[in-house]
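# Residue-level structure breakdown
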Amino acid sequence: MRVLLQPACILHRRPYRETSLILDLFTSEFGRRSLVARGVRKLKSRWAGLLEPFQLLLVSWSGRGEMGTLLHIELQTRYQLSSGPTLRAAFYLNELIIRLLAKHDPYPEFFRQYWISLTGLSFETDHEQVLRVFERELLAHLGYGVITDKDADAGRTISPNQRYHYNAEYGPSSTRVQGCPIHGASLLALGSGKFSSQTERDEAKRLMRYLLSIHLGDRPLGSRSLFLPHP
């Protein structure tokens, strides 16, 4: 099988033999793919500057099995992720994709959400807002959409001033006390992707960590350690 000029981003890269790399890609139509990029670690490799994360690329490859072979690569967009906090946030997105999306399953709409999120990290100052929307959309594409507008028990619209407990099995409830506590205003902010207070940001972050932990299991995310305060 030969695939030509497929939109893709590099999630991770690692050395392979003396002069090659293995690239973990997230592609528009083929989902997560692994490719061998042969000879690209040589000093005069024409693709050396392109084989980095956080760039929108057009990639061609061949192969039907678990590992394809890179044939061609072109740069479409290079995201400006120069600061430490921005890079840490971008690595977090990549690790979530690697950990939670199955290989070879297509996620064309979520691929679009990924590069929208990279664009947001490049230009927005509110990185937390970008991350919460990304997490919300990731869970939705996995089939576990976050309920942000209805009380799961009462069936009423979420009230900004009401306190709820969000349970992963049934959603937010104003009567049950199982799950992650959260105010209605924070749920509504998460649903709209617009946060107006630090409380909303903190509660939405706590909720998303609770929901993601169910799918991530016991092994912690390595990228989260990058968010710890640095001396």
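Just above sits the structure.
Summarised in this report is the structure supplied together with it. (Residues numbered from 1 in each chain as written. Predicted model: local features only at pLDDT ≥ 70, side-chain atom pairs only at ≥ 80, totals over all residues. Heavy atoms only, no water.)

## Section: the pattern of salt bridges
Test applied: In what follows, salt bridge is the name for a side-chain nitrogen of Lys or Arg lying within 4 Å of a carboxyl oxygen of Asp or Glu. We count a stretch as a helix when DSSP gives it H or I for four or more residues in a row; a strand needs E for two or more, and each element gets its number in order from the N terminus. Throughout this description, buried means an accessible area under 20% of the type-specific maximum (1.4 Å probe, protein chains only), exposed means over 50%, and partly exposed covers the range between.
Taken as a whole and assessed by the stated rule, the structure comprises eight salt bridges. Note that R13 and E52 form a salt bridge whose closest N and O atoms lie 3.1 Å from each other. With R13 in strand β1 (residues 2-16) and E52 in the loop between β3 (31-37) and β4 (55-62), the pair connects residues that are 39 residues apart, well separated along the chain. Given the relative accessible area of 30%, R13 is considered partly exposed. D153 is paired through a salt bridge with R176; the nearest N and O atoms lie 3.0 Å apart. Here D153 is found in the loop between α3 (127-141) and β6 (163-167), whereas its partner R176 is found in the loop between β7 (171-173) and β8 (180-183), with 23 residues between them in sequence. Bridged by salt links that share partners, the residues E128, R132 and E135 form one connected network.

## Notes on the nonpolar core
This is how it is decided: The nonpolar core is taken to be a set of buried Ala, Val, Leu, Ile, Met, Phe, Trp, Tyr and Cys residues, with the residues joined through side-chain atoms within 4.5 Å. Residue contacts are defined here by distance: any two heavy atoms, one from each residue, within 4.5 Å place the two residues in contact.
The biggest cluster of nonpolar side chains holds 43 residues, and the ones touching the most others in it are F26, L96, Y114 and L207. Contributing elements (two or more residues each) for this core: β1, α1 (84-100), α2 (108-123), α3, β6, β8, α4 (184-192) and α5 (198-216). No other element matches the seven residues that α1 contributes to this core. Other than its neighbours up to four places away in sequence, L207 contacts V146, Y166, C180, I182, L187 and L190. Grouped together as the second largest cluster of nonpolar side chains are 17 residues, I10, L21, L35 and V59 included.

## A few points about the sheet that holds β6
Let me state the cut-off plainly: Only when DSSP finds a minimum of two bridges between them are two strands counted as paired. Interaxial angles span 0 to 180 degrees and are taken between N-to-C directions of axes, which are lines fitted to C-alpha atoms, for helices over the stretch in contact.
The three strands are arranged β7-β6-β8 in an open sheet whose pairing can be described as antiparallel. Two strands lie at the open edges of the sheet, namely β7 and β8, each paired on one side alone. Sheet twist, expressed as the average angle between the axes of neighbouring strands with direction ignored, equals 35°. Sheet topology note: the β6/β7 ladder contains three bridges and is antiparallel. What sits directly across from N167, in β7, is G171.

## So, α5
Heads up, the condition is: One less than the residue count of a helix, multiplied by 1.5 Å, gives the span that helix is expected to have.
Compared with the 27 Å implied by 1.5 Å per residue over 19 residues, the 26 Å span of α5 between its first and last C-alpha is a close match. All of the buried residues along α5 are E200, R201, E203, A204, L207, M208, L211, L212 and L216. On its buried side, α5 packs onto α1, α3, β6, β8 and α4. Phi turns positive, to about 80°, at G217, one or two residues after α5.

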